[in-house]
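Structure assessment
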Amino acid sequence: MTPARVGGALAGRSGRAAGSGWRWAELGLLALAAGVGIAAGLPGAALPEGGLRLTALAPALALVAAAFAIHVSLGWRRPGADQRILPCIVLLMGLGLALSQRVAPALATRQWAWLMIGLATLAVSTHLPYELRVIQRYRYTWAILGIVLVGVTLVAGRSAVPGGPRLWLGAGGLTFQPSEVLRLLLVFFMAGYLEDKREILSAASLKLGPLRLMPLPYLAPLAAMMGVSLALLTAQRDLGAGLLLFVICLGMLYLVSGRSTYVLGGLALFVCAAWLLHHEIAVVQTRVAIWLDPWSDPSGAGYQIVQGLMAIAEGGVIGAGIGQGLPTSIPAVHTDFIYAALAEETGLAGAAAVLMVYATLFLAGFRVAVRASTPFRQMLAAGLTLGLSVQTLIILGGVLRLIPLTGVTLPFLSHGGTSIVTSAVAMGLVLRIGDEPR
Amino acid sequence: MTGASPSIAGHVVRVAAVALAGLAVVAAATVYWGFVAAPSLAARPDNPRRIAFEQRIRRGRILDRRGAVLAASGGPEAAADPASPPARQYPVPAAAPVVGFQTWRYGAGGDPRVTYGVGGAEAAYDDALRGDLGMSWRQLIASRVLHRPLAGHDVVLTLDAGLQAQAAELLGAREGAVVVVDVGSGAVRALVSQPTFDPASLDRGAPPPDDPRRPLFNRATQGRYTPGSVWKVVTLAAALEDGLTTLDATVADGDASDTFGGFRVACDNNPDGVTTFDMAHAFGWSCNLTFARLGTALGSARYRAHAERFGLGEAPPFPLPVASGSLSEHAELPPPELASAAFGQGEIVTTPLHLALIAAAVAGDGGLPVPYLLADVPGIRWGRLADERGTWRQPIGAATAAAVRRAMVVAATDGHARPARDAAGIEIGGKTGTAQLGGSQRPHAWFVGFAPADAPRVAVAVLVVNGGEGSAVAAPIGGRVLARAVAADDAASGDRE
Amino acid sequence: MSPIESQLFFARAVLLMLLYGFVAAAGILAWRELRAAQRAAPARAAEPPGARLIVLSGGASERPPGTALPLGTVASVGRDIDNEVVIQDPTVSGRHAVFSFREGAWWVEDLGSTNGTAVNGRRLTERAQALLRSGDVVQVGGVSLRLVAPTLP
């Protein structure tokens, strides 16, 4: 054992890749991801008489080029960042672009633009020269910003359909979904706040002993955040975002405390709230009724979910092939139901592979959290990854009728500019946390 | 003190495990919907993929017994646009009651979405026409795994397109039915029901379900009508089979009358002045009194047993929907009803197809054949290939059948079925009927018969609803149809030789 | 199959192959990391519980004699707060020495400190390592520490 080994071990603990050199693993994975994006776009570019319309592949190629540029920049400035995160994102974006061109060609250019903006945001949030502690320092600012955002949405929110949930904020032609931003702000706040109060938790739990009461300093902000999610839930009818924020709260509480009593207590609270909401709010009743029995009204209330399940059923093992299925029969297929389109056109094989890509992405994010050097960095990386994975599970569970359907997007695959950008910010920060600048 | 928190790291690992478990559940659910529950979801009629898939199928043609096209789909170039599905061509509109329809819109019940609908032979042989049957493993993989459209098989029917068209033309605008079956085999050569529909136009504007003309109603197989005097064929056969009478028995009912439980029956249809004749002529002249006496002599129980042995009250196996006839709502027929049932009046009702089968039975060896439509599906080596064939009922022996046959030849020579023979121009056997309906309704005109008289090959039943006298209205149609069927038969056997 | 059909089929096959190529590559990467972690693991797995340094004497250290400083598998000692074992003493360098447990034994290595590291009075040369036994006294600058490793001889 040479001294260099010990030094290497120390460097490894700090997260910097042992044996500096090019990020070959990322490059190789990125090449495969680029191949997936282009292969997925091929059917859309194929001409009926054979041959290819290369211009149709241009957006995918531009996406790939941007991805490679980010790869180079990471090798230069963030050599220790995780090597799987960028390729996973690029693969999902490439597939999402191809599916977008296929199910919503009118919106595909817009989606492409958002994906490019997303990649740019990813690069910016990775490379910005500020310290991550800034996020920790301004934790109350994030909380206030979040509450203001909800308030403004409640007052001035726009609805996609007249009389529908007012989920959108915007001026002029540009609108965004505050709930997506709120998700990010919540993780910032929770990571900073909980890290700050970590010691109090352990001390208080010792004092209270068998009572296992939640220490008061936790109760207030937690209640505030619960209030925010419930406000979203009730006033905006945005069930998906409400559920997402709630689960992120619980998850981050568990991350810092390791106390499953918090999770159980939160779940009990959730059941009570759900029961109340079920009785008070029509839209919750409808959603639950559709979830329990979509077959009784397959052409009315249950139309979307039934059509989605039919699409998945049609896919079989290897799918109909991109462009060969009929996913356009599903309402909102390009946002909430993109997974059904994927399952129909690439089959169980494609859907399983994409699930594995998500698993790889989440594991990479959690791995960064495990290896991060400070509790705040750990909480931030884990919280951001948790937000993404919970969102993925909520929408996939809804599409597959495991839980009532609530409208959230599938990260990087669905349409939705706000979602792409906030997810990119989250993953950019995780990349940055993984690099550990000293 | 700085440094990572090992406890947070441990919690992250647990949270990551939960997230992975969630993804595993999602994967399992995908397998469930995409594999386990997929067949039932794919088969749902409201699955738009089913329509899209159907529209890409190269559906097989329906051909008549000589290869004439009864139904065919457009070329593959017509299948591309889901908004305007390719209409199927039906070159012989008169064959609609048998061929049925295959449509994308009809039957949707006001639902604007495209729906797959079939009727008639299109429905009965749907799986062969679509290509679901008789696939090689290669085709099976292509369709199930690669989602390649199916190529259907042609289906050859026993129908004779020319005969069908002529029978429909003879009926003209009148409501009614004509059924022609092969004696012995039961192959259906023609099955006309008027008024009918144009299967090619169903996509564009279907007849409403409450159309008073009921064009989609198949009168030949599903219409239940009072048979009138053609039912005397069954009464005569039953009496002969039980040895109650013979064809040569003397009947002196010409100007007699009798009452059955207060119901007075006379012999109204014999030539004036001829009061005594043999049983064959009593049949030929359709003497109600004679048959009321035969029925009463048989008695309610025996009469019902005979009628049921002839298949009354049960539908023969047939690829199209078939109604069954019935004798009476009473288990024990009161004397007036038994007497009128014996000459085909009262509560007794049955279908034209059934009467054609009865005609085929007496024209053959006494057995009612199972009617069938499917002649062949070239190219299918396995799967459900054929309609059921054989003898459906054997109510009488060959000797009795021969005797009834002789009585029907007498009826066509000396009796009221003479106009049929005149129209046919060949020797035939037959029996007319004029089913009284009560009130001011015109009676149904009936004719059943067979040809040629010496060695019958085809049997026919003709119904003109509210048409009037059987011998004036139905018999000429029956005669012409029989002549045409025999001529076509001869031409075909000539071809073969 | 028509040209367009074979083209589409080719695209599907390539797409699935690439997707699974990606998943397999990510899996191989994870496997390699697991193996690397496993190779580093024997040291960690055999780490004796309760190993600690007891402060014997220290001039200006705020750690009074008798203080127990728990040791991790790899524990750097120094004045900087990002060391596992922080000793605020002017004679101790920012990053002074590192204690590590591997191959079933504790090792100490001087990280090029100003005032040097000695084991049982014997000064280590810069960047040299020394094998330790339980009870050995390690001099870190002006601070004396005794290694207590209950599971070691």
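Everything here concerns the structure above.
These figures come from a predicted structure and were not determined experimentally.

Right, let's talk about the interface of chain B and chain A for a bit. The interface is formed by 36 residues belonging to chain B together with 53 residues belonging to chain A. For the pair chain B and chain A, the two sides together bury roughly 3,800 Å², of which 73% comes from carbon and sulfur. Joining chain B to chain A, the criterion identifies zero salt bridges. The tally of links from chain B across to chain A stands at four residue pairs in polar contact (both at pLDDT 80 or more). Listed by contribution, the elements that provide at least two residues to the side of chain B that touches chain A are helix H1 (6–36), helix H2 (38–42) and helix H3 (48–56) of chain B. Top element by residues in the side of chain B that touches chain A is H1 of chain B. It accounts for 21 residues. Broken down by class, the residue content of the side of chain B that touches chain A amounts to 23 nonpolar, eight polar and five charged.

Listed as interface residues are 29 residues of chain C and, on the opposing side, 42 residues of chain A. Taken together, the two surfaces of chain C and chain A that pack against each other cover about 3,000 Å², and 72% of this comes from carbon and sulfur. The largest contributions to the chain C side of the interface with chain A come from Arg-12, Leu-15 and Phe-22 of chain C, which together make up 22% of the buried area. Where chain C touches chain A, the interface holds two salt bridges.

As a further point, take unusual backbone geometry. With an omega of -10°, the peptide bond between Gln-194 of chain B and Pro-195 of chain B qualifies as cis. Looking at where Pro-195 of chain B falls in the secondary structure, it is placed in the loop between strand E8 (188–194) and helix H9 (219–222). Following Ala-451 of chain B, the chain continues to Pro-452 of chain B via a peptide bond in cis, the omega torsion being -15°. In the Ramachandran plot, Phe-412 of chain A falls in the positive-phi region, its phi being about 70° despite a non-glycine side chain. Structurally, Phe-412 of chain A is set in the loop between helix H16 (375–399) and helix H17 (417–435).

What follows concerns helix H14 (residues 335–342) of chain B. Residues and elements named next belong to chain B. Of all eight residues making up H14, six are buried, and the element is well covered by its neighbours. Contacts from the buried residues of H14 go to helix H10 (232–241), strand E10 (257–260), strand E11 (263–266), helix H12 (288–298) and helix H13 (300–309). One or two residues past the end of H14 sits Gly-344, with phi positive at roughly 80°.

Rules of the game
- Residues numbered from 1 in each chain as written.
- Chains lettered and ligands numbered in written order.
- Predicted model: local features only at pLDDT ≥ 70, side-chain atom pairs only at ≥ 80, totals over all residues.
- Heavy atoms only, no water.
- Contact = heavy atoms within 4.5 Å.
- Buried area = accessible area lost by both parts, 1.4 Å probe.
- Salt bridge = Lys/Arg side-chain N within 4 Å of Asp/Glu carboxyl O.
- Polar contact = N/O pair within 3.5 Å; in protein donor to acceptor, adjacent residues only side chain to side chain.
- Helix = DSSP H or I, 4+ residues; strand = E, 2+ residues; numbered from the N terminus.
- Nonpolar A, V, L, I, M, F, W, Y, C, P; charged D, E, K, R; others polar.
- Buried < 20%, exposed > 50% of the residue type's maximum accessible area, 1.4 Å probe, protein only.

Spatial relationships are all this shows, so hold off on functional conclusions.
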